[in-house]
Every structure is written in structure tokens, then in C-alpha cells.
Amino acid sequence: MSNAGSMPKYSANNLFLEEPTQLPELNNWVEACFHSRRRFTFTEEEVLKPLWGEGEDIRLREDSRFQAVVLPHQPGIIQWCLSVQTVANAALYDLLVDESWDGQDLRTSLEQLDEAQGTSWHIFCLHDQRFLLSEDKQSVYSLSLSTHQSKLLLTLEQKSTIERVAPQLLLVVAQNSKKPWSTASIMEELKRLSEESEVLDACVPAALENWLLTQEVWGRVGVDTWLPKSEIPRIEKRHRYAVLPVSSAENRRNLVMPEVVDEHILTQDAIQAVEELTDTEAQEINFPNKSVHWRVILRTVHINEGIVSIPKQARALYPHVRKLSNNIALAGIWFTDASEMTVWLDKEKHQLYGIDLQEQLAFLEAGTVLEVTLTTTSIVFVTCDVDQQVAEEEARLVDLSDLAQQRSTALESYRASIRAILTKYNSPLRFQELYEELCNRQQHQPNSTSVRSILSSSPEFIFLKAAGKWELDTTISPEMSLKSLRRVAMVARHAEGDTIATHQEPVSLSRMIAKNRQQLTALRSAYLADVALGSSSETAD
């Protein structure tokens, strides 16, 4: 039993092995934190001291809603925050250094970061030695930089030496620009190119970094990586498609939209549950390991253009550092062959792209399920099984001449095939049954919308509403049906011509409705006239 009101003592053998859960003893504290919209980190003792005083032997690491905060430059100081919160110290530091913010009204600045990130809840980590935190009489907090946090600059001699060899450095980097260059590698290359390398021996990386940030020709593409702006790749559009995929709007939304799921709960048993997540539910998922894991079913557009979209729930993990380019380079791994990649991230279009990614995607077929794991500095791709439905749909995206040749093998129109199928069965068929028979007969997958249009506009096909089936009207000959279709098409083209001829004139909504009614009446009259003509001809015979 620990002493009342003091932190429990743990021996080296008391290791934490259980998966963190939500402890009911901390529900009230968490609810109060959400209600107050707290903007600062806290200590473990601050949360648990009342419970320790009652003899409870618990730690914050046992609750999945909490995570430890350790500042990189102060590893000995440990603060805590909720797992849904984002520490904004780095962003605030950059704003102060760049003089983009005067440090006044800390809460308002954090709220502005919330709006920029969409769903984030930004907080300030206390006891950061880089800052001085002050509070006025109205309880408004302000920040300023500590006196020892002045910007490191090159000496005049170092700056002169670097500027003399800067053009040569750009040429070398341009010839080896497949991967971004780190600050240290740029420093080594400057020493190699310079005749006065001893001048640069005393140059600290932070001073070189600040010099690079002032150069228009250089772009920061990572936390510590650089490239000339002219060498940063951009997303190029390449459209090589013959026809659009056949799928309903609902299916297309379910198949294409990537879903976000926490890495440690992605199992085969959880896949179905993950696919059913709504956007709101996905936003509420916590990421204690600071990684986001999602799946996307590859379509032809992904493979041809070499891009993968990033869901909005993953955008909180974008790297953040001073004057970072909109195009970021990430270290990537293609899990199948363990090959290393440089993957580019476009922060404006929220897409992954790059030569390395495009080369890997080129070997995959449409319908492949790709799992993506993103962290703040790296990304991993894993290929899974193939979605057969998507693969079959995307198989229609072939060369136009090949598609025309494939469609001509049956040597009969869709209308003739449908008539032959209904004649063969001599009984009504549901649309799905009819469509499957048509696919087998034509040896390819026709557009289902086109098939429905033929059924609806051909007088020989009758829809039985009560049974939900289509049947053949044997009293109408194929020739009469074809003639009726052509007449309807001519009337439609004539009506379309009238619309095109007068589309430049401003038309009111009521006039437009009246004109559409006239066109529908004309089409109906043409259809009924053909049916009546056919009936009278058969009676005369």
C-alpha cells in the first residue's frame, strides 16, 4: 500500500504488460477536461493524487485516453495529455521565430491552429525551456522566446565561403536529386567544394539551416531535408482511359473512399467493421502510436497516374516545421520486397505520388487492396488481396479498338440479343437474370444503363411491375421495333437541335418546364403512332 497522497513506488519487476483500457475511476476527470477545453498539459500527480490518497494504485499509462509528452530537447521532463490532443509547441516556436505571431493571447492562437487542422485539439506543453509563459490580470496567457533562444547565424566568413560555392552545390544536387539532401550532407558537400573547408568546420547545422531558409532557390521538403525548388516533383495528370467503370454511385463511394483505422486493431476479423465506419466515427479514433492506417482499393486512375489519396483523418500527422514546402518527401517502404522509396506528399491536394510509388503501382492490377501506414516521418505500403468486383469493372478500361473488336464478335445488337434470350426462355425474367444472360451471349459486360435504356425504349419489351420482370411482346415484330426506335431517336435529335439553336437565349424556369413537357409529348405521340401503325398492318394482313 502506497503512502496516502504520494506517488506509488514501483520496483524494476513491476512491468506494465496489459493493454491500456479506459479506467472508470478517471471518467469524471476526462469529462471535466473536455468540458473546460483545457489548453495545457498536466502532470500525473495532478490527475491521480486524490485517488492515491484513497489508496488506489493506478497510473495514467493504464488508461488508453492518456499519453505521455516528452520534449525532444528536454527528455527528463514528462508531461501528460489526452490522446486526442496535439502538442503545439513546435508550431508556436516557428511562429515566434518567423515573427508571424507576437505571442499575445495563447488560447486564440491555439484555436486558430485547431481551425487550420480541422479536427485537432491543440495544447501547450508546460515547462518548455524555449518559452517564457506569462499571465495578465484577465487570465490571458502570452508567450515569448527565452533569451538564449536567439537565432543562430553564419559568421561573415562562413557566409562568404558558402555563397561562393553555392552555384556548384546546386549543380551537384540537381544531378543527384532522386533523394532529398539532409542538412549534414549539404554541409559535407560544401566542405568538399570549398577550398577553405576549415572555415566551415566550426559551422553548426542550425546556422546552415537558417541560411537555407533565406534562399529562394532552396525548398524544405522535410524536417531536416532539402532540395532545389526546381527539382521538387509535381503531380502530373495522365489520362489513358477508354470508358468509365460500371458501378452505381453508392458502390463507387463505398469502394473508393479510404477508411481510417488504428493500426493495432486492424485484423482480419475487424475488416468488415472498419468498412462500416462513418466519417464522424473515424475522426474519433485515437492514435496512441502516432500512426494512421487505412486501406484503398486501387482503380485504374491510381495506377495510371501513380497517386494515392490521403483521408482527412490522416492529415493531422503531416510533418510540421518552419517554412515547410507544400510538397513533402517521406521515407517509404514497399513491404512486399522491402524496397526503400522516396514518397512525395502534396499537402494541398492531399495525395501521395512520386516516381518510386508510380513504378510500384505499375506492377499491380486494378482491384488490389493497398494498406497504407503513415507516420510523421515515414510511410509503409502493404499489398493484400484483390477485390474481384472492382477488377472486373476496371477490366472494361481497355483500348477503344480492342473494345470495338470485342463487342463485334457476337455480330448482333444488344436489342437483338435480349429478344433472343426472352424468346429462348419463353417466360419473363428479372433484370439481373436478363443481364447475366446478355453478358454470356455477348462475351463481355455491357453497360447496365444502356441495357435498361434499350428495354425501356423498345416497344417489344414490356415491364411487369407486379412481378418486377421483363417479358417479350411477340405481337410486335423486330422490324417494327427497330423502326420505332429510329423514329424516337430522330425526334430526340430534332428536339435536341432546337435546344442547341436557342440555348443562348435566356429562358425562365417555367418556360423550360413547358418546353420539356412538349418534347415528352412529342416522343410519346411518336411511340403511340408506331404502335398503332404496327397493329393496323397486322390486322390488314
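Anything mentioned here points back to the structure above.
Residues numbered from 1 in each chain as written. Predicted model: local features only at pLDDT ≥ 70, side-chain atom pairs only at ≥ 80, totals over all residues. Heavy atoms only, no water.

Caption draft 1: Structural detail: the sheet that holds strand β7 (residues 181-182). Pairing is antiparallel in the open sheet, where 3 strands are placed in the order β7-β9-β8. Because the sheet does not close on itself, it has two edges, and the strands there are β7 and β8 (218-220). For β8 and strand β9 (residues 225-228), the ladder comprises 3 bridges, and the chain directions are antiparallel. Paired with R220 across the bridge in β9 is W226. (Pairing = 2+ DSSP bridges. Helix = DSSP H or I, 4+ residues; strand = E, 2+ residues; numbered from the N terminus.)

Caption draft 2: Here's a closer look at the nonpolar core. Within the largest apolar cluster, 29 residues are counted, with the highest numbers of intra-cluster contacts made by I186, L190 and L208. Broken down by secondary-structure element, the contributors of at least two residues to this core are α5 (156-175), α6 (183-193), α8 (205-213) and β9. Ranked by residues supplied to this core, first place goes to α5 with 6 residues. Ignoring sequence-local partners within four residues, the contact set of L190 consists of I162, V165, L169, L200 and L208. With 25 residues, the next largest nonpolar core counts V296, A314, V321 and V372 among its residues. (Core = buried A, V, L, I, M, F, W, Y, C linked by side-chain atoms within 4.5 Å. Buried < 20%, exposed > 50% of the residue type's maximum accessible area, 1.4 Å probe, protein only. Contact = heavy atoms within 4.5 Å.)

Caption draft 3: Structural detail: the packing of aromatic side chains. For the structure on display, the rule yields 11 aromatic pairs. Ring geometry for F40 and F124: centres 6.4 Å apart, planes at 90°, overall edge-to-face. Residue F40 is located in the loop between α1 (27-36) and α2 (44-53), and its partner F124 is located in the loop between β4 (121-123) and β5 (131-135); the two are separated by 84 residues in the primary sequence. In this structure F40 comes out as buried when scored by relative accessible area, which is 15%. Centroid distance F431 to Y435: 6.0 Å. Interplanar angle 20°. Geometry classified as stacked. Placement of the pair is F431 and Y435 together in helix α17 (residues 431-442), with a separation of 4 residues, close to one helical turn. (Phe/Tyr/Trp six-rings, centres within 6.5 Å; stacked < 30°, edge-to-face > 60°.)

Caption draft 4: Expanded view of α5. Its 20 residues place the ends of α5 29 Å apart at the C-alpha level, agreeing with the 28 Å of an ideal helix rising 1.5 Å per residue. Bending of α5 peaks at approximately 50° at the position of A166, with proline P167 no more than four residues after it. Turning to α5, its buried residues number three or more, namely Q158, T161, I162, V165, A166, L169, V172 and V173. As for α5, its buried residues are in contact with β7, α6, α7 (197-200), α8, β8 and β9. (Expected span 1.5 Å × (residues − 1). Bend = angle between axes of the 7 residues up to and from the residue.)

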